[in-house]
Amino acid sequence: MSNFDALVKKLEGLKTADMFENDFLLTWEKTDDEIAATFAVADALRDLRVRGVSPKVFDSGLGVSLFRDNSTRTRFSYASACNLLGLTVQDLDEGKSQIAHGETVRETANMISFMADVIGIRDDMYIGKGNAYMREVAAAVQAGYDEGNLEQRPTLVNLQCDIDHPTQSMADMDHIIHEFGGVENLKGKKLAMTWAYSPSYGKPLSVPQGIIGLATRFGMEVVLAHPEGYEVMPEVEAVAQKQAAASGGSFVKTNSMAQAFAGADIVYPKSWAPFAAMEKRTNLYGEGNFDGIDALEKELLAQNANHKDWEATEELMASTRAGKALYMHCLPADITGVSCDAGEVADTVFDRYRLPLYKEAGYKPYIIAAMIFLAKMRDPAAALKALEARGQKRIF
């Protein structure tokens with residue numbers, strides 16, 4: 001049996017009906033079957049493309065993108081995913097739209113969706129806002145479809161919000177699954193999601209939250225490490241704790257980076273802003289208190305500077321299992337002596353793992369494509385079989 005056939009057979013045994021014409025907003029809202037199906041479809045689409053078989057299931061249609069924060073990997077991954085399936089990407093620039101003139105979310109959502117099959121949104125800047133905005137857009141397009149204004153109901157894909165970064169965490173987990181030779185080999189593996197020093201402030205919490213909100217489903221020993229005062233959302237910690245108990249793994253917290261690294265199979269050192277501070281920043285923006293925002297930024301930069309020792313060094317890497325833990329990062333990393341004077345990771349560590357990091361990022365286009373595929377194909381296994389049977393060459 002070929003790898004492709006094995007993936008399709010696995011998909012046939014999974015329950016995915018609820019993914020059809022649905023959104024992908026938080027990983028912990030998806031069942032184990034739905035998470036497994038996303039990995040299977042992503043790997044199958046990649047298999048087709050590597051063999052030169054076109055995975056296009058759309059002859060036309062739009063993938064609308066709305067990025068309220070800067071992005072390189074996710075922006076290009078979303079565009080690549082849409083193009084892979086046959087959709088054209090149209091970026092929604094709010095500054096050039098009627099949104100700047102007070103157009104409502106309901107109106108905007110309907111106006112951009114006449115021929116849109118998917119809407120990808122990144123809105124990660126403000127606690128309590130991003131995911132709520134995505135759900136507001138989702139409700140608006142559902143109403144537009146139900147009322148007959150829209151011929152199809154666009155799928156909403158979370159390209160990063162204030163709570164979760166599902167396309168990142170799913171790509172990261174697909175990378176881990178391949179590196180360790182299968183999902184069945186993850187049980188008992190130690191993953192250290194740790195804070196790391198950055199000379200900037202305000203990095204979203206959605207990456208660490210996404211990792212602990214997903215890795216705890218696989219029976220792994222997940223450790224969340226950060227200095228005191230750098231807590232993440234308590235409700236996400238509760239999700240991680242519940243999932244770890246259900247999967248037979250564990251979820252623990254520590255204020256020691258060394259403790260987190262010791263004996264770890266996977267390390268993920270990444271800076272993020274304290275949850276309490278991000279809440280405060282959101283409130284200050286809401287009040288239009290820009291002097292308060294400037295003061296908060298200075299306070300947080302000074303707070304970060306007290307923890308410059310939170311760096312992925314060669315010494316810490318040597319303390320991992322056999323000194324060969326898989327180093328991961330969503331990129332771009334703050335590399336000591338390269339992109340900054342002091343940062344998240346030593347230059348020698350980063351350089352040694354540069355190619356695996358690029359491989360890690362390379363899973364994201366296929367993960368996003370799989371999310372779209374599962375939302376648009378009523379029978380995804382049959383659709384994959386049809387694509388292979390059609391055998392259309394990607395390059396003529």
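In this convention, every chain numbers its residues from 1, walking through the sequence in written order. pLDDT decides what is reported in this predicted model: residues at 70 or higher carry local features, side-chain atom pairs at 80 or more are listed and counted, and totals for whole chains, interfaces and linings draw on all residues regardless. Water and hydrogen atoms were dropped before computing side-chain values, which therefore reflect all heavy atoms in the structure.

Moving on, we get to the packing of aromatic side chains. Both the distance between ring centres and the angle between the ring planes are used here to describe each pair of aromatic rings. Geometry of aromatic contacts follows a simple scheme: Phe, Tyr and Trp rings, the Trp one being its six-membered ring, pair when their centres are within 6.5 Å, and the pair is stacked under 30 degrees between planes, edge-to-face over 60, tilted otherwise. Counted by the stated rule, this structure contains six aromatic pairs. Seen from their ring centres, Tyr126 and Tyr285 are 5.1 Å apart, and the 65° between their planes marks the pair as edge-to-face. With a gap of 159 residues between them, Tyr126 in the loop between β3 (116-123) and α5 (130-146) and Tyr285 in helix α10 (residues 275-287) connect regions that are remote in the sequence. When accessible area is computed with a 1.4 Å probe and restricted to protein chains, residues below 20% of their type maximum are described as buried, those above 50% as exposed, and intermediate ones as partly exposed. With relative accessibility at 25%, the residue Tyr126 sits in the partly exposed group. Helix and strand definitions follow DSSP, with helices as H or I runs of at least four residues and strands as E runs of at least two, each counted in order from the N terminus.

Moving on: the pattern of salt bridges. Salt bridges are defined by distance alone: a side-chain nitrogen of Lys or Arg within 4 Å of a carboxyl oxygen of Asp or Glu. For the coordinates displayed, the defined rule picks out 14 salt bridges. Linking Lys385 and Glu12 is a salt bridge whose minimum nitrogen-to-oxygen distance equals 2.7 Å. Within this pair, whereas Lys385 is found in helix α16 (residues 380-390), its partner Glu12 is found in helix α1 (residues 3-12), the two being separated by 373 residues in sequence. For Arg68, the salt bridge is made with Asp123, and the minimal N-O distance between the two is 2.7 Å. With a gap of 55 residues between them, Arg68 in the loop between β1 (62-67) and α3 (73-85) and Asp123 in strand β3 connect regions that are remote in the sequence. Arg68 gets classed as partly exposed once you look at its relative accessible area, which sits at 32%. Salt bridges linked by common partners bring Asp47, Arg51 and Glu388 together as one network.

So, on to the sheet that holds strand β5 (residues 190-194). Only strands that DSSP links by at least two bridges are regarded as paired with each other. Taking strand neighbours across the sheet as the criterion, the five strands line up as β7-β6-β5-β8-β9 in an open arrangement whose pairing is parallel. Edge positions in the sheet fall to β7 (250-254) and β9 (326-327), since each has one partner strand and no second. Sheet analysis places β5 next to strand β6 (residues 221-225), joined by five bridges and oriented parallel. Its bridge partner being in β6, Lys190 is matched across the sheet by Glu221. In what follows, a contact means two residues having at least one pair of non-hydrogen atoms within 4.5 Å. What counts as an axis is a line fitted to C-alpha atoms, over the stretch in contact for a helix, and the angles between N-to-C directions run from 0 to 180 degrees. This element, helix α8 (residues 234-247), spans β6 and β7 of the sheet and lies at about 140° to β7.

The next point concerns the side chain of Thr74. Looking at the secondary structure, you find Thr74 in helix α3. Every residue in contact with Thr74, bar those within four places of it in the chain, is listed here: Phe67, Arg122, Leu159, His165, Thr167 and Lys364.

Let us now look at a nonpolar patch on the surface. Exposure above 30% relative accessible area and the lack of any salt bridge qualify a residue for a patch; like charges then connect within 9 Å, and the nonpolar side chains Val, Leu, Ile, Met, Phe, Trp and Tyr within 5 Å. Computed with a 1.4 Å probe, the accessible areas rest on the Shrake-Rupley method; for each residue, only the protein chains presented here act as cover. A surface patch of nonpolar side chains, amounting to about 330 Å² of accessible area, comprises Met111, Phe114 and Met115. Mapping Phe114 onto the fold places it in the loop between α4 (105-111) and β3.

With that out of the way, let us pick up the packing of α3 against helix α15 (residues 364-376). The interhelical angle for the contact between α3 and α15, taken along N-to-C directions, is 50°, at an axis separation of 8 Å. For the element pair α3 / α15, the angle class is oblique. Relative to α15, the crossing made by α3 is right-handed. From α3, Arg73, Thr74, Ser77, Tyr78, Ser80, Ala81, Cys82, Leu84 and Leu85 reach across to α15, where they touch Lys364, Pro365, Tyr366, Ile368, Ala369, Ile372 and Phe373. When grouped by side-chain class, the residues that make up the contact of α3 with α15 number eleven nonpolar, three polar and two charged. What sets the label is the angle itself: under 35 degrees gives roughly parallel, over 145 gives roughly antiparallel, 65 to 115 gives roughly perpendicular, and the rest give oblique. Left-handed describes a crossing whose near helix is turned anticlockwise from the far helix by less than a right angle; the clockwise case is right-handed. Classification used: nonpolar for Ala, Val, Leu, Ile, Met, Phe, Trp, Tyr, Cys and Pro, charged for Asp, Glu, Lys and Arg, polar for all others including Gly.

Now for helix α6 (residues 166-179). Each residue after the first adds 1.5 Å to the expected span of a helix. In a regular helix each residue adds 1.5 Å, so 14 residues correspond to 20 Å; α6 covers 20 Å between its end C-alpha atoms and thus fits that length. Every buried residue of α6 is listed here: Pro166, Thr167, Gln168, Ser169, Met170, Ala171, Asp172, Met173, Asp174, His175, Ile176 and Ile177. Within two residues after α6, Gly181 carries a phi angle of roughly 75°, on the positive side.

Note on placement: Asp117 falls in strand β3. Linking Asp117 and Leu87, residues 30 residues apart in sequence, is a C-alpha distance of 8.2 Å. Discounting chain neighbours no more than four positions away, the residues touching Asp117 are Phe58, Ser60, Gly61, Leu62, Leu87, Gln152, Pro154, Thr155 and Lys376.

In terms of burial, strand β4 (residues 155-161) is largely enclosed, as seven of its seven residues are buried. Bridge analysis of β3 against β4 gives five bridges, and the strand direction is parallel. By the bridge assignment for β4, Ile119 is matched with Leu156. Convention used here: a crossover is right-handed provided that the path from the first strand, over the helix, to the second strand proceeds clockwise when the strands point away from the viewer. This β-α-β element, β3 to α5 to β4, shows right-handed connectivity.

Covered by surrounding structure in strand β8 (residues 266-269) are Ile266 and Tyr268 together with Val267 and Pro269, the residues of both alternating faces. The pairing of β5 with β8 spans four bridges and is parallel. Paired with Ala192 across the two strands is Val267, which belongs to β8.

Let's shift gears to the sheet that holds β4. On the basis of which strands lie adjacent, the open sheet formed by four strands has the order β2-β1-β3-β4 and parallel pairing. Sheet topology places β2 (88-91) and β4 at the edges, where each strand pairs with a single neighbour. Between one strand and the next, the sheet's axes are offset by a mean angle of 20°, whatever the strand orientation. Here four bridges tie β1 to β2, and the two strands are oriented parallel to one another. Paired with Gly63 across the two strands is Val89, which belongs to β2.

Here we come to the nonpolar core. Throughout, nonpolar core names a set of buried Ala, Val, Leu, Ile, Met, Phe, Trp, Tyr and Cys residues whose side chains join them through atoms within 4.5 Å. One finds Tyr327 and Leu384 to be the most contacted residues of the largest nonpolar core, which totals 124 residues. Listed in part, the six residues of the second largest apolar core include Tyr201, Ala277, Ile293 and Leu296.

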